[in-house]
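Letter by letter, the chains look like this.
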There are 2 protein chains.
Amino acid sequence: MSEELEGKHGVQSLEVGMGILKAMATGKRSMMLKDIAASADMPPSKAHRYLVSLIRSGLVEQDPLTSRYNLGPFALNLGLVALDRLDRIRLGLSAITDLRDAVNETTALAVWSDNGPVIVRWERPRRPITVNVVTGTTLGVLGSAIGRVFAAWLPERQTEALIRREIESGKAPLGVRTMEDARALLAGVKARGVSVISGDYVIRGVEAVAAPVFNFKNEITLVIVLVGVEGSMDMRDDSPTLTELRQAAAALSARLGATFESAG
Amino acid sequence: MSEELEGKHGVQSLEVGMGILKAMATGKRSMMLKDIAASADMPPSKAHRYLVSLIRSGLVEQDPLTSRYNLGPFALNLGLVALDRLDRIRLGLSAITDLRDAVNETTALAVWSDNGPVIVRWERPRRPITVNVVTGTTLGVLGSAIGRVFAAWLPERQTEALIRREIESGKAPLGVRTMEDARALLAGVKARGVSVISGDYVIRGVEAVAAPVFNFKNEITLVIVLVGVEGSMDMRDDSPTLTELRQAAAALSARLGATFESAG
DNA sequence: CCGTCTATTAGAAGTGATACAATAAATTCA
DNA sequence: TGAATTTATTGTATCACTTCTAATAGACGG
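Predicted model only: the values in this text are computed from it and were never measured.

Draft legend 1. Spotlight on the overall build of chain A. Looking only at helices and strands, one finds 9 helices and 7 strands in chain A. Relative to its length of 264 residues, chain A is compact, with a C-alpha radius of gyration of 19 Å against a globular reference of 18 Å. In terms of overall dimensions, chain A has a C-alpha envelope of 55 × 40 × 35 Å along the principal axes. Taking all 264 residues of chain A together, the buried fraction comes to 52%. Within chain A, residue pairs in contact and separated by at least 24 positions form 55% of the contacts whose partners lie at least 6 positions apart. A total of about 11500 Å² of accessible surface is found on chain A, and carbon and sulfur atoms cover 51% of it.

Dropping the structure here:
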């Protein structure tokens, strides 16, 4: 995930094209050319050229009526194949199922996708009322338990720009106004080993605890999270629920070859 | 889906890169450089250059131990976002859930992704023993009910190369040895309005019926399918099961603005 | 330890992406 | 309805970037 490919010779146009895709994945459901061009920071004519090729490849499709652009069928294909193939995700999927069975709460699995955290899948507990989680969309870095966990353990250079953007756009939660605030927040997460968001200002009525999973290089690769309606979970540090979460994350880390203990 | 972008100015390198991704999505789980290069029909050094950029973008990742290549986290991100955004898929997902409830059989939803059909999601019936369906992987064109439905209704130029390759590689089902055989098979599917694969040589012990869904341009955009273990479904043309399937597909087509009736 | 196989890097030659501007198409508003 | 404005698409000369060949560096197996 962090090989030094900074200086390596790649193919510029390809990276430009991926920038467009990134803009589309992060942006709204159906985008106009000028919006895509603006997000990807290039003149519309250039974006258009790239979109032609992305459409030819099936990654993007254009609504023939409105001439707006959307992600296309090949994007689906890629994602579904990746879901099926990435080892850590396979293991992660069974981990959140097991954890759901153990604690009977909503569990979810997230990866980092360099726009931010993405929920890959979630499992609902066996009870009538549950929280609904949306997969695929990119979450906030400071405003979600998952994001905070990634931000706490990822190398700072990978997250700094996103955090800065979040702060500047006012999307950061109350009380986080400077990079220093953010650093303090994340240091707290790191010290505790999990990130707890509960009954506070971040998401009304929802509480969540997220824990990191590390790979054999001791880098964070997944986040496991418990989500519930406010008051439904026992969020104290030594509660059975939190213990199960920590154990699930640690067990998964171990299976992935990690030798690192997040904290405790 | 079939705008004439043949002659338009795109960005070649981007399409080359997407060719690599296509090779990776179609190929095996973990590929070596030379295999990728071979599948994408280019020298390894070239493939390597492209892979550097694909890795930088997060679409591909490289196992640092084996230096083999896999799809990466951004591929997941894209797919999950697309799953959530494409209108027809949203409607399709609820259609297969409803159909599952109506007939209590395994149902699935597939799209065409220009390598072939891809199962997007499936729903299991409420019964102890069900067939397991894998999402994401690309199915055969002649050797699956879904593939046959797409092949029957897609314009021939989109499917011809794939069919030819399948026949030449011996992956086509018994009895299909020439393009003529294939055309005859697909004409039969078209006449019947659905494709039935049942207790024959294609997949041992599994039977399936697939029906096409059309969009407002009367192009095929989705396929809905029922899957079951051999003998578990009533596959006669006028059975309640088949009727429900046809109705579900027709209703979905109607919602997507189609005015076309597949057949009777 | 040597030979073979695979991944990665280097460096000229010429192809193809870029930017800017023009046009076409669609949308808005009077 | 028609003019004005926004948005999408196409054209073209220049120069940066990709391409190819071939060399190097690592890994693996015997």
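Once you've had a look at it, read on.
Draft legend 2. Geometry of the relation of the copies chain A and chain B. Least-squares fitting of chain A to chain B yields an RMSD of 0.1 Å, with the transformation described by 0.0 Å of translation along the axis and a rotation of 180°. Expressed as a symmetry operation, the mapping of one chain copy onto the other fits a two-fold axis. Closest approach to the rotation axis among the C-alpha atoms of chain A is made by G79 of chain A, whose C-alpha sits 1.8 Å away. A shared binding surface is used by both copies, with 100% of the interface residues of chain A retained as interface residues in chain B.

Draft legend 3. How the structure looks around the protein's contact with DNA strand D. Around DNA strand D there are 19 residues in total, and Q12, K34, H48 and Y69 of chain A together with Y50 of chain B lie nearest to it. Close to the protein, within 4 Å, the atoms of DNA strand D belong to sugar or phosphate groups at a rate of 77%. In this structure, S45 of chain B approaches DNA strand D through a side-chain N or O atom, which is 3.3 Å from a base oxygen. Breaking the surface near DNA strand D down by element, the ones donating at least two residues are helix 1 (12-26), helix 2 (33-40) and helix 3 (44-56) of chain A together with helix 3 (44-56) of chain B. The biggest single contributor to the surface near DNA strand D is helix 3 of chain B, with 4 residues.

Scoring rules and cut-offs
Sequence order sets the numbering: in each chain, residues are counted from 1 along the sequence as written. By the order in which they are written, chains take letters starting at A while ligands take numbers starting at 1. The predicted origin of the model limits local features to residues at a pLDDT of at least 70 and limits the giving and counting of side-chain atom pairs to 80 or more, whereas totals for whole chains, interfaces and linings rest on all residues. Side-chain metrics in this entry use all non-hydrogen atoms of the structure; hydrogen atoms and water are not considered. Every helix listed is a DSSP run of H or I at least four residues long, and every strand listed is a run of E at least two residues long, numbered separately from the N terminus. Radius of gyration means the value over C-alpha atoms here, while the globule rule gives 2.2 Å times the residue count to the 0.38 power. For the exposure calls, accessible area comes from a 1.4 Å probe over protein chains only, and a residue counts as buried if that area is under 20% of its type's maximum, exposed if over 50%, partly exposed in between. Every residue pair with non-hydrogen atoms within 4.5 Å of one another is taken to be in contact. All accessibility values rest on the Shrake-Rupley procedure with a 1.4 Å probe; residue burial counts only the protein chains present in the view. Least-squares superposition aligns the copies on the C-alpha atoms of those residues with pLDDT at or above 70 in both. Whether a residue is near a molecule or strand depends on its heavy atoms: if one lies within 4 Å, it is near. Any pair of N or O atoms that falls within 3.5 Å is considered a polar contact. Within protein, one atom must be able to donate a hydrogen and the other to accept it, and sequence-neighbouring residues count only if both atoms are side-chain atoms.

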